[in-house]
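Structural description and commentary
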Amino acid sequence: HEMRGMVERVGTFDLLKGKILANLFYEPSTRTSSSFTAAMERLGGSVIPINEVKYSSVSKGESLADTVRTLECYADVIVLRHPETGSAAIAAKAAKKPVINAGDGVGEHPTQALLDAFTIMEELGRLDNLTVTMLGDLKYGRTVHSLARLLSKFNGIKLNYVSPEILRMPKEVMEEVGVPQAEYTNLDKVLPETDILYVTRVQKERFEDPADYEKVKGAYVIDPEIMKAAKQEMAVMHPLPRVGEISTDFDDDPRAAYFRQMEYGLYVRMALLAMVLGKA
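So, here's what we can say about the structure. What you see is a predicted model; the values in this text were computed from it and never measured.

Definitions and cut-offs
Each residue is numbered by its place in its chain's sequence as written, counting from 1. Restriction of local features to residues with pLDDT of at least 70 applies here, the model being predicted, together with a cutoff of 80 or more for giving and counting side-chain atom pairs; totals for whole chains, interfaces and linings are based on all residues. Based on all heavy atoms of the structure, the side-chain values leave hydrogens and waters out of the count. Strands are treated as partners if at least two bridges between them are detected by DSSP. Helix numbering and strand numbering both begin at the N terminus, where a helix is a DSSP run of H or I of at least 4 residues and a strand a DSSP run of E of at least 2. To get an axis, fit a line to the C-alpha atoms, keeping to the stretch in contact for a helix; angles then go from 0 to 180 degrees between the N-to-C directions. Contacts are residue-level and defined by heavy atoms, with any inter-residue pair within 4.5 Å sufficient. In this scheme, a helix's expected span is set at 1.5 Å multiplied by one less than its residue total. Type-normalised accessible area, obtained with a 1.4 Å probe on protein chains alone, sets the label of each residue: buried when under 20%, exposed when over 50%, and partly exposed for intermediate values. Polar contacts, as used here, are pairs of N or O atoms within 3.5 Å; protein pairs need one atom able to donate a hydrogen and one able to accept it. Residues neighboring in sequence count only if both atoms are side-chain atoms.

Some details on the sheet that holds strand β4 (residues 99–104)
On the basis of which strands lie adjacent, the open sheet formed by four strands has the order β2-β1-β3-β4 and parallel pairing. Looking at strand neighbours, the two that pair on one side only are β2 (46–50) and β4, the edges of this open sheet. Neighbour-to-neighbour, the strand axes of the sheet open up by a mean angle of 15 degrees, direction not taken into account. Direction of pairing for strand β3 (residues 77–82) relative to β4: parallel, over a ladder of four bridges. In the strand pairing of β4, I78 is matched with V99. Against the sheet, helix α9 (residues 258–276) contacts β1 (20–25), β3 and β4, and its axis sits at roughly 140 degrees relative to β4.

Some words on helix α5 (residues 110–124)
Between its first and last C-alpha, α5 extends 21 Å over 15 residues, near the 21 Å set by a 1.5 Å rise per residue. Those residues of α5 that sit buried are T111, Q112, A113, L115, D116, A117, F118, T119, I120 and L124. The first or second residue beyond α5 is G125, which carries a positive phi of 80 degrees.

Some remarks on the environment of S63
Turning to its location among the elements, S63 is positioned in the loop between β2 and α3 (64–71). Each C-alpha atom of the pair S63 and A91 lies 10.0 Å from the other, and the pair is 28 residues apart in sequence. Reaching out from S63, the side chain makes a polar contact with the backbone nitrogen of D66 at a distance of 3.1 Å.

Note that all results are geometric; they support no functional claim without further evidence.
What follows is the structure, given as C-alpha cells:
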C-alpha cells in the first residue's frame, strides 16, 4: 500500500539508489522480468538484465551455483527464473546475497502468490473466509502451487480444483495445504459459490506429448455467458499470459481483475525488494 501511494504521488524515488538487481532468467518471461525491472527502477536502483541465457557462460556449461556467485559480485540481489524445480534453493545456498525465486520449473512462484494475495485483498477486502476455485492446468501451474500454500495460512479457506484428469493438482501440494479441498472436472457445481476464480492457461511447453495438449487445451473458457452463474461480488484472476481461456468479451466486466493484478504485482515486488535490501 505504501509503495502504491508513492508511485501514484511521485512515480520514482531514491529508496534503493546505488543498489543493483541481477535479473537472471533461464526461461522466457515478459511480466515477471519487466515488473522486477520496473520495481527496481521506480525505487531508484539499477538492473542487469540477463534474459537470453543461452548466449552466456551458461551455454558453455557453467553451473548455476557458479553463475550466481559471479553475479553477486556485481549485484545486491538476484532474481532467478529457472526451468528446474528446486533451482532457487540451489542458488540461495550458493549465494551470500538475497535470491528471489521468480519461478522454478513446475515447483513454485512465490512472488506471484504474494501479488495474488494482495490482489484478493484489494478486490474483496479480506483473505479469510473465501472459496477459491482454481481452474485449468493445476499439475504444471506453479502459480497455483504457491497460492494454495499461501492461502492455507488464512482462516475459513476452501479450495476447489477444476481441471482435466491429466492436469490435477499434485497430491503432495494437497497434502501440505491442509484446508478443505475438492476436485472437479467442470465448473458448473462450484462457480455459484466461488469468491475468487483463478484461471490458468494449459501450458503447451509442459507437455511431452503434443496430442495430450490438443485434447485439453480448449476444455475451459471463461466468457460472459458462463459468468452469469457467478456472484456479482467476486473476482476473476489469471497470472497471464492467456491463450484463449478467458474470452476478451469478459475484459470489461468489473469482476475481471487480471490486469489490475499485474499492476498490483509492481507494488508487491517493490515492497519485497525494499525489504530484502533492508530499506523497509
